[in-house]
Amino acid sequence: MSAVVVERIRRRVPWSGSRTLALLAAALAIGAPLRTMYYLSDVVGDPTLFLALTALSLVGATLLARVLRPPLAVAVGAVLFAGGLGAYILNLSTNPAVTELLGDTAALLTGRSLLQIAKVRLWVLSFAPAPVFLTWYFALRRWYVTATVAAGTALAFFALTTDAGVVTTLLGVVGIAATIGFGTLDTLSADEPADLTKRPDAMSGSSETGQTDDDSEGIDAGRRAVLEQLAAIIVVPAALSQVPITRDSLLSYDDGSDGQTVEGSLFDAGESLSVLGSISLTPEIRYTVESEEPRYWRVASYDRYTGNGWVRTGNPRPYDDQRLDSPEGETRTLRQEFRAESTIGTVPAAWKPVHYSGEPSVLVSSEGGFQPNGTLSTGDSYEVRSELLVATPDGLRGAGTDYDDATAELYTQLPDSTPDRVAERTSILTANAENPYETALVVERWLQESKGYSLEVDRPDFNVADAFLFEMDEGYCVYFATTMVTMLRTQGIPARMTVGYTSGQRIDENQWVVRGLNSHAWVEVYFPDQGWVQFDPTPSGPREAVRQQRIEEASSDESSPTVGDDNPVEQYTPSDTSTPAPLTETDETEAEPTETPTATETDTPTGTAREPGTGDDAGPSLPDLPSREEMTLGVVALLGIAAGARRSGLSGRAYRAVWLRYQRRVDPETDIERAFQRAMYVLATEHRDRESGETVRAYLDAIEADDRVRRLAALRERLRYGGEVDEAVADEAVEIADRIVSAR
């Protein structure tokens, strides 16, 4: 923005208007990270305290803007930040707490979401005051660039942790740009008292008023440079967060398809899980399992519900080959051996695993399960010993509600924005339940009987559980499990969302084949003195029908499914009805709630994934295109790179390099003039520019040009004064220019 343009705009925009617009833009700049912090506060509970703290920071900045000098204001911001950090450390449970803080910080700087931190509400309350105070204080002082540095740093941090979405990031960048733009108009036109206007801006290094046009251009150029740097530190982390290599992922596998499958939706997210729309099934073989009985092969659980997905909090710890804790109640031991039949990044096991041996090495997740410290290749195997909870219905009914504080806080969390009607509907449905166990049974049965099963659904725009409960007639396992957990949490019952595989296809007395289409989500409910008990609200009959249909479609492939060393999958017909994956151990003689496997399964190891809204027979699909958010972010990043290249002169230098070294032929007149200009550019670089009014001959004499240059000048004179040129003359002129450029 040149000084002339600034002056024209200044004359059209009253001082008070530019001042107001600059402050509104500053509010937008800090409002973007505040928007993210409000979302984080809402997810984990009531955001009222966060709003109150933000309001106090704004009021404090307003009151101190005219009486507190900038160095002291920076000191106040530092005290606010240090005080918040100290409060956060003191409330951490780890000893020493600094270790946990450093671990969380390192994870955040490498793309981990703040929602994965257990005490995220305390973190937000500790972090918010400093950037809010500094941004608003410096905006009121008319140090607009400094204000945008405070707001931009906060926004860049949230972009790096992936908590600031594309829309929020763009709003922040727009706010920063507008703050600097309108701030320039304000500082060039304002005539404020000396204590507010005669201080140099910390970033520009010059006075805010009384500049000459040259001063104004210098300040404006400096501010543009700061703006580009701020845009870069915000956009680059946000762009990197979209690159798959930076995302956490528990699963690495090739399912032979281009679309989104149930398995991919459950495991690709790693530490977080987003509820998707329509998805499909894949019959790719994942594991062969040897076990004395079928179970649900659990992969992981998620404890924090965001309204549109799930997050697993806490940091995994190395597994030191020591036995993990058993469930609180009575247990019995089950040994399982898993063999990977494809490259994959999960280590399923029956809950609750207590010992692991095999490859790769594993970590212990925050909830006490195993997760791999690498990937499994085809043929890798591992053994797990699990302690299965043996719980009777009477024991679960009498378990009571004496939950410890940590369990209650973590596993009854719901976003504050969860509609009240979810709790009201659950209370009505479970009015006759006398204990949490009966409440869980009622909710489980009601979902099984009142909702249909389908893989083709439209993803809700808002709270998934609320939408599935009141607005949707059907869904798949993720919707059922999410809704049941939410309903139980409204009643103060600790519950969590769990993902893994159902037992699979039985191929021998103690052997099962587990495929991608066995991927599943269910619910675990906590009972004092018992532990976590499985419940499955997804109706097994419709689910099995959809699964069988997919198997039949895949069986049209002439290839046969294989396991291990190319051994074909053999059918096993048990002498009695097998009962895979019991949800609750009752006793050794009671019948267990089960799903019945189909003895005629002939699924193949490959299949076609369904794009949303299409059937499995829709044919091969195109590779996944970037989402609208990713495309928008990419455009912004490209524009930022282009602006930076222009600002640094890189684009101009690149253009001149091409223009100087390559001449596209047009016609004799144009070719000769272009050749002459190329030579003159080289001479100006080597000697000096041709002065105004200086003839070509005088210039060439002054710099003692050689005969080639004089010959080229003569050809141009013939063009300008004689008008008689042809292709041969143009060829000679271009050749001379090429030699001059090449030599000098």
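So, how was this worked out
- Residues numbered from 1 in each chain as written.
- Predicted model: local features only at pLDDT ≥ 70, side-chain atom pairs only at ≥ 80, totals over all residues.
- Heavy atoms only, no water.
- Helix = DSSP H or I, 4+ residues; strand = E, 2+ residues; numbered from the N terminus.
- Buried < 20%, exposed > 50% of the residue type's maximum accessible area, 1.4 Å probe, protein only.
- Contact = heavy atoms within 4.5 Å.
- Expected span 1.5 Å × (residues − 1).
- Arc of directions from axis to C-beta.
- Polar contact = N/O pair within 3.5 Å; in protein donor to acceptor, adjacent residues only side chain to side chain.
- Pairing = 2+ DSSP bridges.
- Axes fitted to C-alpha atoms, helices over the stretch in contact; angles between N-to-C directions.
- UniProt positions renumbered as here; feature names shortened; annotations may be inferred.
- Phe/Tyr/Trp six-rings, centres within 6.5 Å; stacked < 30°, edge-to-face > 60°.
- Lys NZ or Arg CZ within 6 Å of the ring centre and 35° of its normal.
- Core = buried A, V, L, I, M, F, W, Y, C linked by side-chain atoms within 4.5 Å.
- Patch = residues over 30% accessible without salt bridge, like charges linked within 9 Å, V, L, I, M, F, W, Y side chains within 5 Å.
- Areas by Shrake-Rupley, 256 points an atom, 1.4 Å probe, with all protein chains shown as cover.
- Salt bridge = Lys/Arg side-chain N within 4 Å of Asp/Glu carboxyl O.
- Parallel < 35°, antiparallel > 145°, perpendicular 65-115°, else oblique.
- Left-handed = near helix turned anticlockwise from the far one by under 90°.
- Nonpolar A, V, L, I, M, F, W, Y, C, P; charged D, E, K, R; others polar.

Tell me about the overall build of the protein, and name the residues and values.
Each helix and strand counted, the protein has 25 helices and 20 strands in total. In the protein, which comprises 744 residues, the share counted as buried stands at 50%. Long-range contacts, defined here as pairs at least 24 residues apart, represent 74% of the contacts in the protein between residues at least 6 apart.

Please set out helix H25 (residues 727-743) residue by residue, giving values where relevant.
With 17 residues, H25 extends 24 Å from end C-alpha to end C-alpha; this agrees with the ideal 24 Å at 1.5 Å per step. Listing the buried residues of H25 in full gives Val729, Ala730, Ala733, Val734, Ile736, Ala737, Ile740 and Val741. Axial view of H25: buried residues confined to an arc of 160°, hence all on one face. For H25, the exposed residues lying more than 90 degrees away from the buried face are Ala728, Ser742 and Ala743. Backbone nitrogen of Ala728 and a side-chain oxygen of the N-cap are separated by 3.2 Å at the start of H25; the cap is Asp726.

So what about the sheet that holds strand E17 (residues 519-527)? Which residues, and what values?
Taken in spatial order, the 4 strands make up an open sheet running E3-E14-E17-E18, and their pairing is antiparallel. Taken across any chain shown, the strands that pair with only one partner, and hence form the sheet edges, are strand E3 (297-302) and strand E18 (531-535). Here the average twist between neighbouring strands, direction ignored, is 40°. Along the sheet face, helix H16 (residues 436-450) touches E17 and E18 and points at about 25° away from the line of E18.

Would you mind going over the UniProt feature "transmembrane region" (unreviewed entry) in the protein in detail, with residue names and values included?
Within the UniProt annotation, "transmembrane region" (unreviewed entry) is assigned to residues 21-41, 47-65, 72-90 and 120-138. Helix makes up 100% of residues 21-41 and strand makes up 0%, while its end C-alpha atoms are separated by 29 Å.

Account for the packing of aromatic side chains, with residues named and values stated.
What the rule picks out here adds up to 27 aromatic pairs. Residues Tyr305 and Trp310 carry aromatic rings whose centres are separated by 5.0 Å and whose planes lie at 35° to one another, so their mutual orientation is tilted. For the pair formed by Tyr305 and Trp310, the shared burial category is buried. Pairwise contacts between aromatic rings join Tyr287, Trp297, Tyr319, Phe338, Tyr356, Phe370, Tyr382 and Tyr501 into one cluster. Its end group placed over the ring of Phe468, Lys451 keeps NZ or CZ at 5.5 Å from the ring centre. Against the face of Trp351 rests Arg496, its NZ or CZ located 5.1 Å from the ring centre.

I'd love a proper account of the sheet that holds strand E5 (residues 309-311), names of residues and values included.
Pairing in this open sheet of 3 strands is antiparallel, and the strands run E1-E5-E4 from one edge to the other. Two strands bound the open sheet, and with one partner strand each, they are strand E1 (272-274) and strand E4 (304-305). Where E1 and E5 come together, 3 bridges link them in antiparallel fashion. Directly across from Ser274, in E5, lies its bridge partner Gly309.

I'd like a rundown of the nonpolar core, residues and numbers included.
Judged by nonpolar contacts, the single largest core of 80 residues is most densely connected at Tyr476, Val478, Val525 and Phe535. The greatest single-element share of this core, amounting to 9 residues, is contributed by helix H18 (residues 477-490). Sequence-distant contacts of Val478, that is, excluding residues within four places in its chain, are made with Leu266, Leu273, Val275, Met497 and Ala521. Leu114, Val120, Trp123 and Ala151 belong to the second largest nonpolar core, which has 30 residues in total.

Give a description of the pairing of strand E16 (residues 511-515) that names residues and reports values.
The buried count for E16 comes to 4 of 5 residues, which makes it a mostly enclosed element. Bridge count for strand E2 (residues 285-291) against E16 is 5 bridges, and the pairing is antiparallel. Each bridged residue has a counterpart across the sheet, and for Thr288 the counterpart in E16 is Val513. Two strands pair when backbone bridges link them, and strand E15 (residues 505-508) and E16 are joined in this way by 3 bridges, in the antiparallel orientation. Following the sheet pairing, Asp508 is matched in E16 by Gln511. Hairpin geometry of E15 and E16 is characterised by an intervening segment of 2 residues between the two adjacent antiparallel strands.

An account of helix H8 (residues 144-160) is requested, with residue identities and associated values reported.
Side chains that are three or four residues apart share a direction in an α-helix, a result of its 3.6 residues per turn. Counted at 1.5 Å a residue, the expected span for H8 with its 17 residues is 24 Å, and the 24 Å between its end C-alpha atoms agrees. Thr162 lies just past H8 and shows a positive phi near 70°.

Quick rundown of a nonpolar patch on the surface? Include the residues and the values.
There is a patch of nonpolar side chains on the surface, built from Leu28, Val167, Leu171 and Val174 and spanning about 300 Å² of accessible area. With 3 residues, helix H9 (residues 166-189) is the largest single contributor of residues to the nonpolar patch. Examined against the element boundaries, Leu28 turns out to sit in helix H2 (residues 15-43).

Talk me through the packing of helix H22 (residues 668-686) against H25; I want residue IDs and the actual numbers.
Packed helix pairs are specified by the crossing angle of their axes together with the interaxial distance, meaning the distance between the axes. Interaxial distance between H22 and H25 falls to 9 Å at its minimum, and their mutual angle equals 20°. Taken as axis vectors, H22 and H25 run roughly parallel relative to one another. Crossing hand, H22 versus H25: left-handed. For the pair H22 and H25, contact is made by Pro668, Asp671, Ile672, Ala675, Arg678, Ala679 and Val682 and by Glu727, Val729, Ala730, Ala733, Val734, Ala737, Asp738, Ile740 and Val741, respectively. Looking at side-chain class alone, the contact of H22 with H25 contains 12 nonpolar, no polar and 4 charged residues.

Residues and numbers for the side chain of Ser342, please.
With respect to the secondary-structure elements, Ser342 resides in the loop between strand E7 (331-340) and strand E8 (353-358). Polar contacts involving the side chain of Ser342 include one to the side chain of Arg286, which spans 3.3 Å. If we ignore the near neighbours within four places in the chain, the residues touching Ser342 are Glu284, Ile285, Arg286, Leu376, Ser377 and Thr378.

Report on the pattern of salt bridges, specifying residues and quantitative values.
Opposite charge on two side chains permits pairing when their charged atoms draw close. Under the counting rule described, the total for this entry stands at 24 salt bridges. Its salt-bridge partner being Glu293, residue Arg332 comes within 2.8 Å of it at the nearest N-O pair. Of this pair, Arg332 sits in strand E7 while Glu293 sits in the loop between E2 and E3, and the two are 39 residues apart along the sequence. Neither residue differs from the other here; Arg332 and Glu293 are each classed as buried. Close ionic contact of Arg665 with Glu727 constitutes a salt bridge, the shortest N to O distance being 3.8 Å. Remark: Glu727 occurs in helix H25 and Arg665 occurs in the loop between helix H21 (650-661) and H22; sequence separation between them is 62 residues. Residue class for Glu727 comes out partly exposed when judged on its relative accessible area of 45%. One network of salt bridges, in which partners are shared, links Arg298, Glu367, Arg496 and Glu524.

Give a description of the packing of H16 against H18 that names residues and reports values.
Viewed as axis vectors pointing N to C, H16 and H18 meet at an angle of 145°, and their least axial separation amounts to 10 Å. Crossing handedness for the pair H16 and H18: right-handed. Across the interface between the two elements, Thr439, Ala440, Val443, Glu444 and Leu447 from H16 touch Phe480, Thr483, Met484, Met487 and Leu488 from H18. Tallied by class, residues from the contact of H16 with H18 come to 7 nonpolar, 2 polar and 1 charged.

Tell me about the environment of Thr685, residues and numbers included.
Here Thr685 shows up in helix H22. Of the polar contacts made by the side chain of Thr685, one reaches the backbone oxygen of Tyr681; its length is 2.9 Å.

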